Amino acid sequence: MNQHPIFSEHPGLIIVFAVAVVIMLLLDLGIFNKKSHVVTNKEAITWSLVWISLAMIFSGLIYHFAGAAKFYEFQSAYWIEKALSVDNLFVFILVFKFFDVQNENKHKVLFWGIIGALVLRAIFIFSGAFLIELTYLNKLLSLVGVEGFKYDINLIMTAFGLFLVYAGIKSWSAGDDDDEEDYNNTRGARLIRKFFSVSDKYDGDKFFTYENGKKLATPLLVVVAVIEFTDLLFAVDSIPAIFAISNDPFILYTSNIFAILGLRALFFLLDNFIHLFSKLQYGLAIILSFIGVKMIIAPFYHIDSIYSLIVIGGILVISVLLSILLPEPKEATEV
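A few points on the structure. Note that the structure is a prediction, hence the values are computed from the model and not measured.

Thoughts on the overall build of the protein chain
Here is step 1 of the chain: For the protein chain, the helix and strand inventory stands at 14 helices and two strands.
Here is step 2 of the chain: Of the contacts formed within the protein chain by residues at least 6 apart in sequence, a portion of 77% connects residues at least 24 apart.
Here is step 3 of the chain: Of the roughly 16900 Å² of accessible surface on the protein chain, a fraction of 67% belongs to carbon and sulfur atoms.

Right, here's the structure in full:
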């Protein structure tokens with residue numbers, strides 16, 4: 001992998017990325033979705049295409065300024081995050097169902113959930129890149145005067161790889177445990193109730209309301225907290241996975257954020273066409289295991305990003321095709 005991060009050579013890309021994200025978020029919240037409303041399939045498809053197009057345009061800039069290797073790294077990391085996020089969205093559907101969130105309020109919850117993800121992913125990615133740089137075995141051995149090995153193993157990357165293989169195997173055999181979960185007892189819900197008194201009733205799309213002159217949090221704020229903590233848990237899988245693709249924090253963060261920003265539109269499509277993804281669980285399990293193996297063998301055999309991209313894309317396409325050709329009964333896909 002290229003050891004030189006893009007932002008040290010092309011700082012202008014940081015400005016382009018930041019401006020694009022800020023403008024799109026302001027347009028999204030301040031103009032196109034100023035009022036809570038039910039998101040139609042047409043609107044969800046349009047926004048999905050917008051966010052994917054922006055990501056592809058930005059990857060084109062990376063190709064132009066930084067070359068093909070960085071372009072393939074961005075593309076691979078982007079589609080890995082996009083794919084793994086679908087599993088996250090299945091849980092979001094269950095959370096909304098559990099709390100009986102009205103369709104017109106789901107977009108607002110997802111928006112603020114994504115704002116939180118922007119911050120959390122930055123912390124995870126940049127701190128992770130820093131720690132990985134410190135934990136190469138040969139570097140640690142040199143500190144105590146021991147000559148390094150032929151293969152420079154990274155302790156954190158190896159641990160991540162083993163974890164992802166385990167996560168892939170677990171995902172393959174995952175049952176319907178999430179269907180039975182009491183989301184009122186999750187950490188996010190408990191955190192809100194620790195600091196606020198919570199009303200039993202919604203007040204439109206408001207996070208706070210007044211009852212008998214007392215300010216109370218609404219259940220919608222609880223839902224946002226549950227969504228945030230759910231994303232935090234899923235980041236434990238997705239963040240290590242993208243470190244198998246690149247060690248450039250700029251590539252990892254920008255690809256991650258572009259993937260996350262398109263999740264709201266993807267959520268509404270998934271909610272309406274969930275039968276098209278019934279076999280995706282198995283595809284994601286294979287992807288996690290593949291990435292884990294790639295991380296473990298990286299010191300001995302490097303798999304180029306373009307081949308990773310082909311494998312990941314192929315698995316996703318096959319998963320969706322099998323879902324269409326071998327659909328599960330309708331009641332089995334409803335959540």
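Describing the side chain of Thr218
Here is step 1 of the chain: Counting through the fold element by element, Thr218 comes out in the loop between strand E2 (214–217) and helix H9 (219–243).
Here is step 2 of the chain: Dropping the residues within four chain positions of it, Thr218 is found in contact with Val198, Lys201, Asp203, Lys206, Phe207, Phe208 and Thr209.

A short note on helix H4 (residues 68–98)
Here is step 1 of the chain: Between its terminal C-alpha atoms H4 stretches 45 Å, which fits the 45 Å expected from 31 residues at 1.5 Å a residue.
Here is step 2 of the chain: Maximal helix bending in H4 amounts to about 25°, located at Val86.
Here is step 3 of the chain: Of all 31 residues making up H4, 24 are buried, and the element is well covered by its neighbours.
Here is step 4 of the chain: Of the residues trailing H4, Asp100 is marked for its positive phi of about 55°.

Describing the packing of aromatic side chains
The geometry of an aromatic ring pair is captured by two quantities: the separation of the ring centres and the angle between the planes.
Here is step 1 of the chain: Per the stated rule, a full pass over the model turns up 20 aromatic pairs.
Here is step 2 of the chain: An aromatic cluster is built from Phe17, Phe58, Phe74, Tyr78, Trp79, Phe126, Phe250, Tyr253 and Phe258, whose rings are joined through pairwise contacts.
Here is step 3 of the chain: The cationic tip of Lys108 hangs over the ring face of Phe207; the distance from NZ or CZ to the ring centre is 4.7 Å.
Here is step 4 of the chain: Of note, Lys215 hangs over the ring of Phe208, and the distance from its end group to the ring centre comes to 4.9 Å.

A short note on the packing of helix H3 (residues 41–66) against helix H11 (residues 263–272)
Here is step 1 of the chain: Contact geometry for H3 and H11: axes closest at 8 Å, N-to-C directions at 140°. Our classification of the angle between H3 and H11 gives oblique. At the point where H3 passes H11, the crossing takes the left-handed sense. In contact with Asn41, Ala44, Ile45, Trp47, Ser48 and Trp51 of H3, H11 contributes Arg264, Ala265, Leu266, Phe268, Leu269 and Asn272.
Here is step 2 of the chain: Looking at the contact of H3 with H11 residue by residue, the classes come out as eight nonpolar, three polar and one charged.

A look at the packing of H4 against H11
Here is step 1 of the chain: Where H4 meets H11, the axes come as close as 10 Å, and the angle between the chain directions of the two elements is 65°. Along this stretch, H4 crosses H11, giving a crossing that reads as right-handed. Residues Lys82, Ser85, Val86, Leu89, Phe90, Phe92, Ile93 and Phe96 of H4 pack against Leu263, Leu266, Phe267, Leu270 and Asp271 of H11.
Here is step 2 of the chain: Taken together, the residues of the contact of H4 with H11 sort by class into ten nonpolar, one polar and two charged.

Some thoughts on the environment of Val16
Here is step 1 of the chain: You can see Val16 is positioned in helix H2 (residues 12–32).
Here is step 2 of the chain: Setting aside chain neighbours within four positions, we find Val16 in contact with Phe58 and Leu61.

Overview of helix H12 (residues 280–297)
Here is step 1 of the chain: Between its terminal C-alpha atoms H12 stretches 26 Å, which fits the 26 Å expected from 18 residues at 1.5 Å a residue.
Here is step 2 of the chain: For H12, every residue scored as buried is listed here: Leu280, Gly283, Leu284, Ala285, Ile287, Leu288, Ser289, Phe290, Ile291, Gly292, Lys294 and Met295.
Here is step 3 of the chain: Of the surrounding elements, those touching the buried residues of H12 are H4, helix H7 (155–172), H9 and helix H13 (305–325).

A look at the pairing of E2
The two faces of the sheet receive side chains in turn, since in a regular strand these alternate between them.
Here is step 1 of the chain: With four bridges connecting them, strand E1 (residues 208–211) and E2 associate as antiparallel partners. When the sheet's bridge partners are listed, Glu211 is paired in E2 with Lys214.
Here is step 2 of the chain: The antiparallel hairpin formed by E1 and E2 contains two residues in its connecting segment, where Asn212 sits at a positive phi of about 55°.

Topic: the side chain of Thr254
Here is step 1 of the chain: For Thr254, the location among the structural elements is in helix H10 (residues 249–261).
Here is step 2 of the chain: Taking relative accessible area as the criterion, Thr254 reaches 1% and is therefore assigned buried.
Here is step 3 of the chain: A distance of 2.7 Å separates a polar atom in the side chain of Thr254 from the backbone oxygen of Phe250.
Here is step 4 of the chain: Once residues within four sequence positions are removed from consideration, Thr254 is found in contact with Phe17, Phe58 and Phe74.

Quick notes on unusual backbone geometry
Here is step 1 of the chain: The backbone phi angle of Asp100 is positive, close to 55°, even though this residue is not glycine.
Here is step 2 of the chain: Inspection of the secondary structure assignment puts Asp100 in the loop between H4 and helix H5 (103–134).
Here is step 3 of the chain: Asp100 sits in the exposed class, given a relative accessible area of 54%.
Here is step 4 of the chain: The backbone phi angle of Asn212 is positive, close to 55°, even though this residue is not glycine.
Here is step 5 of the chain: Relative to the assigned elements, Asn212 resides in the loop between E1 and E2.

Rules behind the numbers
Throughout this description, residue numbers start from 1 for each chain and increase along the sequence as written. For this predicted model, a pLDDT threshold of at least 70 governs which residues receive local features, and a threshold of 80 or more governs which side-chain atom pairs are given and counted, while totals over whole chains, interfaces and linings are taken from all residues. Hydrogen atoms and water are omitted, and side-chain values are computed over all heavy atoms in the structure. Starting at the N terminus, helices and strands are each numbered in turn, a helix being any DSSP run of H or I of at least four residues and a strand any DSSP run of E of at least two. Contacts are assigned to residue pairs that have any heavy atoms within 4.5 Å of one another. Note on areas: Shrake-Rupley with a 1.4 Å probe; residue coverage comes only from the protein chains shown. Under the convention used throughout, the expected extent of a helix is 1.5 Å for every residue step, that is, one less than its residue count. Note that the bend at a residue is defined as the angle between axes fitted to the seven residues ending at it and the seven residues starting at it. Buried means the residue's accessible area, taken with a 1.4 Å probe over protein chains only, is under 20% of the maximum for its type, while exposed means over 50%, and partly exposed covers the values in between. Stacked, tilted and edge-to-face are the three classes applied to pairs of Phe, Tyr and Trp rings, where Trp contributes its six-membered ring and a pair requires centres within 6.5 Å; stacked means planes under 30 degrees apart, edge-to-face means over 60, and tilted covers the rest. Throughout this description, the term charge over a ring refers to an Arg CZ or Lys NZ atom that lies within 6 Å of the ring centre and within 35 degrees of the ring normal. Convention adopted: a line fitted to C-alpha atoms gives each axis, helices being fitted over their contacting stretch, and angles between N-to-C directions are expressed from 0 to 180 degrees. By definition in this entry, angles of less than 35 degrees are roughly parallel, angles greater than 145 are roughly antiparallel, angles of 65 to 115 are roughly perpendicular, and the rest are oblique. For a crossing to be left-handed, the near helix must be turned anticlockwise from the far one by less than a right angle; the clockwise case is right-handed. In this classification, Asp, Glu, Lys and Arg are treated as charged, Ala, Val, Leu, Ile, Met, Phe, Trp, Tyr, Cys and Pro as nonpolar, and every other residue, Gly included, as polar. Strands are labelled as partners when DSSP assigns at least two bridges between them. Contacts described as polar in this section are N or O atom pairs within 3.5 Å, which, within protein, must combine one atom able to donate a hydrogen with one able to accept it, while residues neighboring in sequence count only if both atoms come from side chains.

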